Amino acid sequence: AIADDDYDMVLIIPHLENVDPFELGFELKKIRPATPVILLSQNTRQINSLMENPNTGGIDHIFRWSGNSELLIAIIKTVEDLRNVEHDVGLANVRVVILVEDSPDYYSQLLPILYKEIVNQVQALIEVGLTEAQRALTLRVRPKILLAKTYEEGWALYEKYKNHMLCMFSDTRLPVGGELKAAAGIDLLSHLKTEQPDLRTLLLS
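None of these values were measured; they are calculated from a predicted model.

What counts, and at which threshold
Residues numbered from 1 in each chain as written. Predicted model: local features only at pLDDT ≥ 70, side-chain atom pairs only at ≥ 80, totals over all residues. Heavy atoms only, no water. Helix = DSSP H or I, 4+ residues; strand = E, 2+ residues; numbered from the N terminus. Rg over C-alpha atoms; globule rule 2.2 N^0.38 Å. Buried < 20%, exposed > 50% of the residue type's maximum accessible area, 1.4 Å probe, protein only. Contact = heavy atoms within 4.5 Å. Areas by Shrake-Rupley, 256 points an atom, 1.4 Å probe, with all protein chains shown as cover. Lys, Arg positive; Asp, Glu negative; His and termini not counted. Charge placed at Lys NZ, Arg CZ, Asp CG, Glu CD. Pairing = 2+ DSSP bridges. Axes fitted to C-alpha atoms, helices over the stretch in contact; angles between N-to-C directions. Expected span 1.5 Å × (residues − 1). Bend = angle between axes of the 7 residues up to and from the residue.

(A) Highlighting the overall build of the protein. Per the secondary structure count, the protein includes 7 helices and 9 strands. A compact globule built from 205 residues should have a C-alpha radius of gyration of about 17 Å, and the protein, at 18 Å, falls within 12% of that. If one aligns the C-alpha atoms of the protein with their principal axes, the spans along those axes are about 55 × 45 × 30 Å. Across the 205 residues that make up the protein, the buried fraction comes to 42%. Of the contacts formed within the protein by residues at least 6 apart in sequence, a portion of 68% connects residues at least 24 apart. Accessible area of the protein: about 11,700 Å², with a carbon and sulfur share of 52%. Across the protein, the centroid of the 20 positively charged side chains sits 5 Å from that of the 29 negatively charged ones.

(B) Molecular detail of the sheet that holds strand β4 (residues 96-100). The 4 strands lie next to each other as β5-β4-β6-β9, forming an open sheet whose pairing is parallel. The sheet is open, and its two borders are formed by β5 (144-148) and β9 (200-204), each paired with just one other strand. Pairwise comparison of adjacent strand axes, ignoring direction, gives a mean angle of 15° for this sheet. Contacts from helix α6 (residues 151-161) reach β4, β5 and β6 (165-171), with the element oriented near 145° to β5.

(C) Examining helix α3 (residues 70-92) more closely. In this model α3 runs just 27 Å from its N-terminal to its C-terminal C-alpha over 23 residues, more than 12% under the 33 Å that 1.5 Å per residue would give. Its axis deflected by about 55° at Asn84, α3 carries its strongest bend there. Those residues of α3 that sit buried are Leu71, Ala74, Ile75, Thr78, Val79, Asp81, Val85, Asp88 and Val89. In the segment just after α3, Asn93 is the residue with positive phi, at about 55°.

Here it is, written out as structure tokens:
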């Protein structure tokens, strides 16, 4: 079906009978390389097992579903922000928030909270009397949230958008060079602070 229609995103549930979600992801990517493929699981233990699979190249993100509908909005916004950030930064000078977290369990909880808070704050700033088009434009230029899952990804995003950074959140333990390092988040934020001492940072543990 995906070969016949244009889809913005594909969500895969890992309990499909006789279907390997990673093989399905690879097949989908062969047909639509640019279409985001999201694996959505309810079980933390199952997610840990899934992440040990070496063939994860067909899956863009793994999220843990806890029944919170706001997660679906956060997933969509996460994909949209990564796709639109370069354009919006150049066009409207929008700010960038980077979340560095490798655990699907935790970023599945954090992203809905961050998006909800940012939207609430932007809505509070919208002036009375604006047209619907003006309101939509104001919301469009809200800060973008970018998800990184390793030290290297976090630093690469910072390097790319350092002149537009609002803040960075980082887990304490992060993958570095393919291996978990207990204090990688501390190293990352310390490195960032040497370049921009006034930039707001938050260490998560």
